[in-house]
Structures are given as C-alpha cells and as structure tokens.
Amino acid sequence: MAEKSAFVAVVGRPSAGKSTLINTLCGQKVSIVSLVPQTTRNTIRGIVTREEGQLVFVDTPGRHISEKKLNRKLVELSDRALEESELTLYLIDASRLVGKEEEELARAVQYSRAYPDRTVIALNKIDDKRADTAAVYAFLQEKLPGIPRERQCELSAKNGTGVEELLRLLFSLAPEGPRLYPEDTYTDQDVQFRIAEIIREKAINNLREELPHSIYVEVADTELRDEGRRLWVRAFILVERESQKGIVVGKGGEMIKTIRQSAQKDLHRIFDWKVELDLRVKVASDWRQNDTVLRRLIDRS
Ligand SMILES: Nc1nc2c(ncn2[C@@H]2O[C@H](COP(=O)(O)OP(=O)(O)OP(=O)(O)O)[C@@H](O)[C@H]2O)c(=O)[nH]1
Ligand SMILES: [Mg+2]
C-alpha cells in the first residue's frame with residue numbers, strides 16, 4: 001500500500017482541547033495546555049508516524065471573536081493553517097453550550113480548503129458529565145450539513161478514548177505522499193521556543209485572572225555545561241506593567257521560584273539534560289500593541 005501523508009489543521013474555540021489532543025496523539029508534551037483560554041499563540045506541529053504514513057497536526061490558537069490586535073493575529077494564523085492543510089480537524093468542546101463563537105468557527109471550517117470531503121469533526125470532553133453530544137449533533141446538522149456522520153466522532157483528548165479511531169479516520173482520508181519528517185520526530189519546534197513555552201505554561205498555571213494574557217517569555221541565552229549534561233538557560237518573563245512584575249515575583253520571590261522549579265522539572269523530563277534556569281521578570285509596556293514584538297512572537301514560520 002502506498003504511503004500517505006497530510007497536514008491536519010486542528011481548529012476550534014479557545015479551550016476546546018486542541019493542544020491536549022495533539023499531546024495525546026504524539027505521546028509527548030508538544031503544545032502547552034491550561035485552563036485559561038487562548039493559551040496557544042503560534043501554529044505548532046505535532047507529528048504522528050504509523051505504518052500507513054505520516055500526519056502532521058497543526059495546533060492553532062483558539063478562535064475568539066475580538067478586534068484586539070493580538071487576537072486578530074491569532075485568527076490569521078488559524079486561517080492560514082486552514083488554507084494550507086490537506087485535512088481539517090474541527091474540535092468541539094461538547095461540555096459547553098454552542099454559541100456565537102462556535103457558529104463563527106463552523107463558518108471558518110466551511111471556507112477551508114479541505115471542506116467538505118477532507119474535513120473531520122470531533123466532539124471532545126465526552127468524559128465530562130456535562131457533555132451534551134446530542135446538542136452538538138443538532139448544531140452540526142444545521143450549520144455543517146456537508147459533513148456526514150461517518151466523519152464525526154467522539155473522544156476524550158484527556159484520557160485517550162476515541163483517539164485511535166480518529167487517527168484511523170484521518171489516515172483513511174489522507175492523500176498518498178511521502179513522509180516529511182523522520183519517523184522518530186514528534187515536533188519541529190526549536191529548543192529555545194519549547195523552553196519559552198514551558199515557562200509560559202507554568203506562569204499561566206500559577207498566575208490568576210488577566211495576567212496570563214499579559215505575559216510573554218523570552219529565552220535570552222542557553223549554554224550546555226558539564227560536558228553536555230546540564231543545560232543552563234537565562235530567560236525573562238515579560239509583563240506589561242510594573243504592578244504585574246510584583247505579582248509574578250511574588251512575596252519574597254515565592255511565585256517566581258514556583259514557576260522556575262516546575263519549569264525545570266518539565267524541561268528535564270522533555271530533554272535529557274538537567275536544566276538550570278535563571279529566570280527574571282521584566283516590564284515591556286504595551287507589547288500586545290507593538291507590531292514588531294507581535295511579529296517576532298507569532299509569525300515564526
Ligand atoms: N474533561 C476534559 N478536559 C479536557 C479534555 N481535553 C482538554 N481538556 C481541558 O481543557 C482545558 C483546555 O485545554 P487545551 O488543550 O489547552 O485547549 P486548547 O483548545 O488548546 O486551548 P487554546 O490554546 O487556548 O485555544 C485544559 O484544562 C484541559 O485539561 C478532555 O478530553 N476532557
Ligand atoms: Mg492550545
């Protein structure tokens with residue numbers, strides 16, 4: 001049988017579970033996850049290689065309706081992934097009510113390159129007691145009648161239920177083509193970006209309220225020490241205001257210490273190196289309005 005290969009754009013509302021799903025599919029932490037919507041800010045590739053061939057999943061920022069500059073850039077990234085990928089995987093959080101945002105998504109999916117024949121819809125979070133799949137099917141019947149039930153499935157990205165069936169479905173739709181990456185590759189992100197993302201995840205998960213949207217992380221320097229056994233990293237958490245700096249540092253430096261230690265632990269698990277993180281906080285006012293900063297942060301591809 002000829003080998004198959006495809007890019008799969010994974011789209012959905014903020015917090016639908018797109019990054020969680022990609023991590024489950026790849027068996028590795030490829031993309032960071034949090035309770036806070038709009039965690040993913042770049043398109044991130046997670047690669048799955050099987051006998052049938054290779055699928056390159058493109059994680060995208062959750063599509064949120066807002067005219068803010070950062071948000072508009074994030075929606076552009078999702079649009080681009082939908083234009084460039086052979087397959088579309090539209091993920092819906094079945095534990096939440098569908099609403100205006102979901103309608104906008106259905107519309108974006110409808111205009112994507114892979115619509116309708118190479119589009120799959122997955123209802124996520126079926127492990128959640130609040131999941132109401134009947135309501136989602138009714139919504140789909142109305143908004144995306146071009147996608148038959150055979151190309152809709154239910155899953156739990158968190159515990160893995162239904163994930164193998166989803167893979168089978170996607171491989172069945174993928175066009176023939178050669179692998180793009182070696183078979184043991186599960187992501188194409190560079191080390192510095194992954195470090196910055198892990199730090200951002202720990203910051204988001206430890207900080208509250210509006211702060212997660214106000215930060216970004218910059219890795220300033222890295223160096224392998226102890227004959228390549230230990231990785232030393234200097235990184236900055238950038239906030240928008242002086243008052244936020246105090247929150248990230250915390251009383252007696254407790255907060256930044258928690259962020260540093262949990263990031264080090266994760267990084268040690270992901271890479272083989274022991275990681276020594278020199279982590280500091282800096283103010284970069286209004287970075288979300290600054291085009292140069294946004295371009296550097298978002299348009300990495
Ligand atoms: N119960 C349950 N929770 C899930 C499932 N999948 C994801 N979650 C949770 O949903 C939240 C959001 O998950 P993410 O993977 O970050 O969602 P996302 O779609 O990537 O979000 P953005 O990047 O912000 O667009 C996290 O708290 C996850 O643990 C699932 O199958 N079941
Ligand atoms: Mg995400």
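Before reading further, recall that the structure is shown in the block above.
Note that this is a predicted model, so its numbers are computed, not measured.

1. Digging into the site of ligand 1
Part 1: Taken together, 22 residues lie around ligand 1, and K18, T20, Q38, T39 and D127 are the ones closest in.
Part 2: At a separation of 2.9 Å, an oxygen atom of ligand 1 approaches a polar side-chain atom of S19.
Part 3: A distance of 2.8 Å separates an oxygen atom of ligand 1 from a polar atom in the side chain of T40.
Part 4: Burial of ligand 1 by the protein chains amounts to 92% of its free accessible area of 660 Å².
Part 5: If you map ligand 1 onto the pockets, it falls in the largest pocket.

2. Remarks on the pattern of salt bridges
Part 1: According to the stated counting rule, one finds 26 salt bridges in the structure shown.
Part 2: We note a salt bridge from K125 to D93, for which the minimum N-O separation is 3.0 Å. Here K125 is found in the loop between β5 (119-124) and α4 (133-143), whereas its partner D93 is found in strand β4 (residues 87-93), with 32 residues between them in sequence.
Part 3: K125 sits in the partly exposed class, given a relative accessible area of 24%.

3. Quick look at the sheet that holds β4
Sheet strands pair via backbone hydrogen bonds, and the direction of the pair is either parallel or antiparallel.
Part 1: Across the sheet, six strands lie side by side as β2-β3-β1-β4-β5-β6; this open sheet has mixed pairing. Each of the sheet's edge strands pairs with one partner strand only, and the pair in question is β2 (44-50) and β6 (152-154). For this sheet, the mean angle separating the axes of adjacent strands, direction not counted, is 25 degrees.
Part 2: Note that strand β1 (residues 4-12) and strand β3 (residues 53-59) share seven bridges and pair parallel.

4. Quick word on the layout of surface pockets
Part 1: Of the volumes computed, that of the largest pocket is approximately 1,100 Å³.
Part 2: Taken together, 43 residues form the lining of the largest pocket, with S15, S34, L35, V36 and P37 sitting closest to its centre.
Part 3: For the lining of the largest pocket, the secondary structure elements donating two or more residues are α1 (18-26) and α2 (69-84).
Part 4: Top contributing element to the lining of the largest pocket by residue count: α2, with four residues.

5. Some remarks on the packing of α1 against helix α5 (residues 163-173)
Part 1: It is at 11 Å that the axes of α1 and α5 come closest, and there the two elements cross at 85 degrees. One element, α1, and the other, α5, form an angle in the roughly perpendicular class. Touching L21, T24 and L25 of α1 are V163, L166 and L167, all from α5.
Part 2: Of the residues that constitute the contact of α1 with α5, the class distribution is five nonpolar, one polar and no charged.

6. A word on the side chain of R41
Part 1: Counting through the fold element by element, R41 comes out in the loop between α1 and β2.
Part 2: No salt bridge is formed by the buried R41, whose closest oppositely charged neighbour, E197, lies at an N-O distance of 6.5 Å.
Part 3: A polar atom in the side chain of R41 sits 3.3 Å from the backbone oxygen of P212.
Part 4: A polar contact of 2.9 Å, which involves the side chain of R41, links it to the backbone oxygen of I215.

7. Quick word on empty space enclosed by the protein
Part 1: In this structure the tally under the stated criterion is one cavity of 30 Å³ or more.
Part 2: Of the voids in this model, the largest cavity is the one considered here, and its volume is about 50 Å³.
Part 3: For the largest cavity, the full set of lining residues is K29, V30, S31, I32, Q189, R194, E197, I198 and I270.
Part 4: Residues belonging to the lining of the largest cavity are distributed by class as follows: four nonpolar, two polar and three charged.
Part 5: When we break the lining of the largest cavity down by domain, the ones giving at least three residues each are domain 1 (4-173) and domain 2 (191-298).

What counts, and where the lines are drawn
- Residue positions within a chain follow its written sequence, with the count starting from 1.
- To read the labels, note that chains go from A and ligands from 1, taken in the order they are written.
- Totals for whole chains, interfaces and linings use all residues, but because this is a predicted model, local features are given only for residues with pLDDT of at least 70 and pairs of side-chain atoms are given and counted only at 80 or more.
- The side-chain quantities take in all heavy atoms of the structure and omit both hydrogens and water.
- The nearness test applies per residue and asks whether one of its heavy atoms lies within 4 Å of the molecule or strand.
- Identification of polar contacts relies on pairs of N or O atoms within 3.5 Å, with a donor-acceptor requirement for protein atoms, meaning one able to donate a hydrogen and the other able to accept it, and with residues adjacent in sequence counted only if both atoms are side-chain atoms.
- The Shrake-Rupley method, run with a 1.4 Å probe, gives the accessible areas here. Residue values count only the displayed protein chains as cover.
- The way it works is a 1 Å grid over only the protein atoms, where trapped points that fit a 1.4 Å probe form a cavity and open points with protein on both sides within 12 Å along at least five of seven lines form a pocket, and then any residue with an atom within 4 Å of a point lines it.
- More than half of a molecule's atoms within 2 Å of the grid points is what it takes for that molecule to sit in a cavity or pocket.
- Any carboxyl oxygen of Asp or Glu that lies within 4 Å of a side-chain nitrogen of Lys or Arg is treated as forming a salt bridge with it.
- Secondary structure counts use DSSP, requiring at least four H or I residues in a row for a helix and at least two E residues in a row for a strand, with both numbered from the N terminus.
- The classification of residues rests on relative accessible area computed with a 1.4 Å probe and restricted to protein chains. Under 20% of the type maximum is buried, over 50% is exposed, and intermediate values are partly exposed.
- By this definition, two strands are paired if DSSP reports at least two bridges between them.
- Where helices are involved, their axes are fitted lines through C-alpha atoms of the stretch in contact, as for all axes, and angles between N-to-C directions lie from 0 to 180°.
- Grid points are joined across faces, edges and corners, and a volume is the space filled by probe spheres set on the points.
- Should an angle fall under 35 degrees it is taken as roughly parallel, and over 145 as roughly antiparallel, whereas 65 to 115 is taken as roughly perpendicular and any remaining angle as oblique.
- Contacts are assigned to residue pairs that have any heavy atoms within 4.5 Å of one another.
- For this classification, the nonpolar set comprises Ala, Val, Leu, Ile, Met, Phe, Trp, Tyr, Cys and Pro, the charged set comprises Asp, Glu, Lys and Arg, and every other residue, Gly included, is treated as polar.
- The positive count covers Lys and Arg only, the negative count covers Asp and Glu only, and His and the chain ends enter neither.
- The domain boundaries here were taken from an automatic or database domain assignment.

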